[in-house]
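Okay, here's what each chain looks like letter by letter:
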Amino acid sequence: MNEFKIFVLVLGLGMCNASSPGPLIFATKGAVWPKPQQHNTSDSFFILRPRIFKFNVSTVHSSCNFLENSLARYWKLLQFDVTLKKYQQKNKKSEQVDGLMYLEYLDVNLTGQCDDQAFPGIKMDESYRLWLLPNRKELQAASIWGILRGLETFSHLVYKSDNGQSLRLNATMIKDFPRYKHRGLLIDTSRHFIPLDKIFLTLDAMSYNKMNVLHWHIVDDQSFPYVSTKFPELSDKGAYNRYTKVYFPEDIRDVIEYARLRGIRVLPEFDSPGHTSSWGLSHPEILTSCEILNIYGPMDPSKEDTFTFLNQLFSDVRDSFKDDFFHLGGDEVDFLCWKADPNITEFMKMQHINSYEDLESYYVQRVVDMVAKLNFKSIVWEEVFENDVKLPNDTLVHVWKMNWNDTIKKVTASGKYALLSSCWYLDKLESGGDWRDFYLCDPTDFDGVPAQQELVLGGEACMWGETVNEYNIISRVWPRACTTAEKLWSANLGKHDLIEPAQRLEEHTCRMNRRGIGAQPPNGAGYCD
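Residues numbered from 1 in each chain as written. Predicted model: local features only at pLDDT ≥ 70, side-chain atom pairs only at ≥ 80, totals over all residues. Heavy atoms only, no water.

(A) Representation of the overall build of the protein within the structure. Each helix and strand in the protein was counted, giving 17 helices and 18 strands. Taken over C-alpha atoms, the radius of gyration comes to 25 Å for the protein, in line with the 24 Å a tight globule of 529 residues would show. Dimensions of the protein along its principal axes, counting C-alpha atoms only, are 90 × 60 × 50 Å. For the protein, long-range pairs separated by at least 24 residues make up 76% of all intrachain contacts whose partners lie at least 6 apart in sequence. As displayed, the protein offers around 22,900 Å² of accessible surface, 51% of which is attributable to carbon and sulfur atoms. Averaged over its 58 positive side-chain charges, the protein has a centre that lies 9 Å from the centre of its 70 negative ones. (Helix = DSSP H or I, 4+ residues; strand = E, 2+ residues; numbered from the N terminus. Rg over C-alpha atoms; globule rule 2.2 N^0.38 Å. Contact = heavy atoms within 4.5 Å. Areas by Shrake-Rupley, 256 points an atom, 1.4 Å probe, with all protein chains shown as cover. Lys, Arg positive; Asp, Glu negative; His and termini not counted. Charge placed at Lys NZ, Arg CZ, Asp CG, Glu CD.)

Written out as structure tokens, the structure is:
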């Protein structure tokens, strides 16, 4: 019997055995999520006194506003985490154990340059070192992004004593860095509109899990909430409500800045040539007339005006979004409407295009070339690769279907970069979808040589929007996406003992709850302190 079945059996026995009081899974105290690469800890601990504790900042510059703002934010977070019980005590002697004393400061040492206006990117350095020792209390990193990740870890180390009267941190040495560069979460704001406050809360939760990419699937068939400065009619006619269910340019800027301050990239996706019905409410001329179904079909690649329109729209997107990458979609294109359109049939003859797969390749190739001129690098869903579209080597192929092991092997064998999402679909509740299922998936589980493994840049958990809205998206995503975050940050430990991460996840979920994240309980019966 494998470890997963044993763990499920343990859970089942715990849930049905009324004679076993107490929580199903006992939470850790002061454990870090995601698990650091190297972590040496001791039973000896410091006591943190909130009113005295401070961060001592050291940088190569005279000042670093980004760093100062980050420290202020984390100090506020600690206030949420460390509310102490008030007891009347006759004896108020200081707690000291094993010779360790109070932790009254942490030296925060930024050894590299501080760019207050920097944006996170695929090559950002998120590594850091942390020492909590009698003779050294220091967080050190070469970049502001590493400092952010180290501050998050430091906040996880703080825990309350059993009687709730003191805050403790075990003596610790940590050397940490991410396993993968791309650790993302996809949200879908077309199927259900997600208001800004829930997007900000999502970004907060991502930062608590060291995720660094918000993949914003912003438009789709159902609605077009993106307000384009060049084509405002797209949202005027394509959004659920042109006034209240849209993202104005200032909203986009606010999301990007909120994410930037947390070391999170915002990656836009405008899926085409399919998934574009909402575009046709204002611009039917760019879509295929599909009289056979009495609808408008995918983008019409036979018209030059289609590409002129896309170039102007994507120029607008380039002005709005700061990341180097643009997700072009390219999935689930239904060829029925193309087949029924005589103009497209004639175009294919003139262009010597022999199949509808080749027609899709023609379309995607032109769009890939177009966004490259706009200084975007492309990400595409795996169908684009499967249809043999000629892609630049810096294109990321996003793998999402079943049999992902074979697909990633083919993608990396061709020299292309890969992202994995197949086993981290958060909307799949009917067949698995528990955090343990996500934890058992690893991006290296394919038969590829080391050079191929290095072409896997990471992956994303995906929360498609058909069954979530502003009222349940947070609890549906968290804490299940925490496991994707750990699989993409922490070292690959091979076959996992699920009890150990279950205990840490129990604590981490309570930690997120204290910080205002409505994450659902991960393991069954229990409580948060």
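(B) Examining helix H9 (residues 342-350) more closely. Within the sequence span of H9, burial applies to Ile344, Phe347 and Met348. The arc enclosing the buried residues of H9, seen along the axis, measures out at 100°, which places them on a common side. In H9, those exposed residues whose orientation departs by more than 90 degrees from the buried face are Pro342, Asn343, Lys349 and Met350. In this structure Asp341 caps H9, since a side-chain oxygen of it lies 2.8 Å from the backbone nitrogen of Asn343. Residue His352 follows H9 closely and has a positive phi angle near 55°. (Buried < 20%, exposed > 50% of the residue type's maximum accessible area, 1.4 Å probe, protein only. Arc of directions from axis to C-beta. Polar contact = N/O pair within 3.5 Å; in protein donor to acceptor, adjacent residues only side chain to side chain.)

(C) Region of the structure containing the state of the cysteines. Tallied over the full model, the rule gives four disulfides. Sulfur-sulfur distance for the disulfide between Cys290 and Cys337 comes to 2.1 Å. Across the S-S bond linking Cys290 and Cys337, the dihedral sits near -80°, which makes this disulfide left-handed. Residue Cys290 is found in strand E12 (residues 287-290), and its partner Cys337 is found in helix H8 (residues 336-340); the two are separated by 47 residues along the sequence. Residue classification places Cys337 among the buried positions, given a relative accessible area of 5%. Covalently, Cys423 is tied to Cys441 through a disulfide, its sulfur atoms 1.9 Å apart. Between Cys423 and Cys441, the S-S torsion sits near -45°, and that sign places the bridge as left-handed. (Disulfide = S-S within 2.5 Å.)

(D) Structural view of the nonpolar core. Within the largest apolar cluster, 126 residues are counted, with the highest numbers of intra-cluster contacts made by Phe154, Trp216, Phe270, Trp279, Phe314 and Trp478. When residues of this core are assigned to their parent elements, the largest contribution, seven residues, is made by helix H3 (residues 144-157). When neighbours within four sequence positions are excluded, Trp216 is seen to be in contact with Ile187, Thr189, Ile199, Tyr247, Ile252, Val255, Val266, Leu267, Pro268, Glu269 and Phe321. (Core = buried A, V, L, I, M, F, W, Y, C linked by side-chain atoms within 4.5 Å.)

(E) A look at the pairing of strand E1 (residues 38-48). Relative to strand E8 (residues 167-176), E1 is paired through eight bridges, and the arrangement is antiparallel. Within the sheet, the bridge partner assigned to Leu48 lies in E8 and is Leu167. Examined bridge by bridge, E1 and strand E3 (residues 102-103) share two bridges and lie parallel to one another. Of the residues in E3, the one forming a bridge with Leu48 is Leu103. (Pairing = 2+ DSSP bridges.)

(F) Molecular detail of the pattern of salt bridges. All told, the structure shown has 25 salt bridges when counted by the stated rule. A salt bridge links Asp197 to Lys198; the shortest N-O distance between them is 3.6 Å. A relative accessible area of 46% means that Asp197 is categorised as partly exposed. Two residues, Asp204 and Arg262, come together in a salt bridge whose shortest N-O distance is 2.9 Å. Of this pair, Asp204 sits in helix H4 (residues 196-208) while Arg262 sits in the loop between helix H6 (249-260) and strand E11 (265-269); the two residues are 58 residues apart in sequence, bridging distant segments of the chain. On the accessibility criterion, Asp204 (13% relative accessible area) is buried. For Arg262, a relative accessible area of 9% translates into the label buried. (Salt bridge = Lys/Arg side-chain N within 4 Å of Asp/Glu carboxyl O.)

(G) Molecular detail of the packing of helix H7 (residues 304-320) against helix H10 (residues 356-373). One can describe the packing of H7 onto H10 by two numbers: an axis separation of 11 Å at closest approach and a directional angle of 35°. Crossing hand, H7 versus H10: right-handed. Here Glu304, Phe307, Leu310, Asn311 and Phe314 of H7 come into contact with H10, specifically with Tyr362, Tyr363, Arg366, Val367, Met370 and Val371. Residue classes in the contact of H7 with H10 are distributed as eight nonpolar, one polar and two charged. (Axes fitted to C-alpha atoms, helices over the stretch in contact; angles between N-to-C directions. Left-handed = near helix turned anticlockwise from the far one by under 90°. Nonpolar A, V, L, I, M, F, W, Y, C, P; charged D, E, K, R; others polar.)

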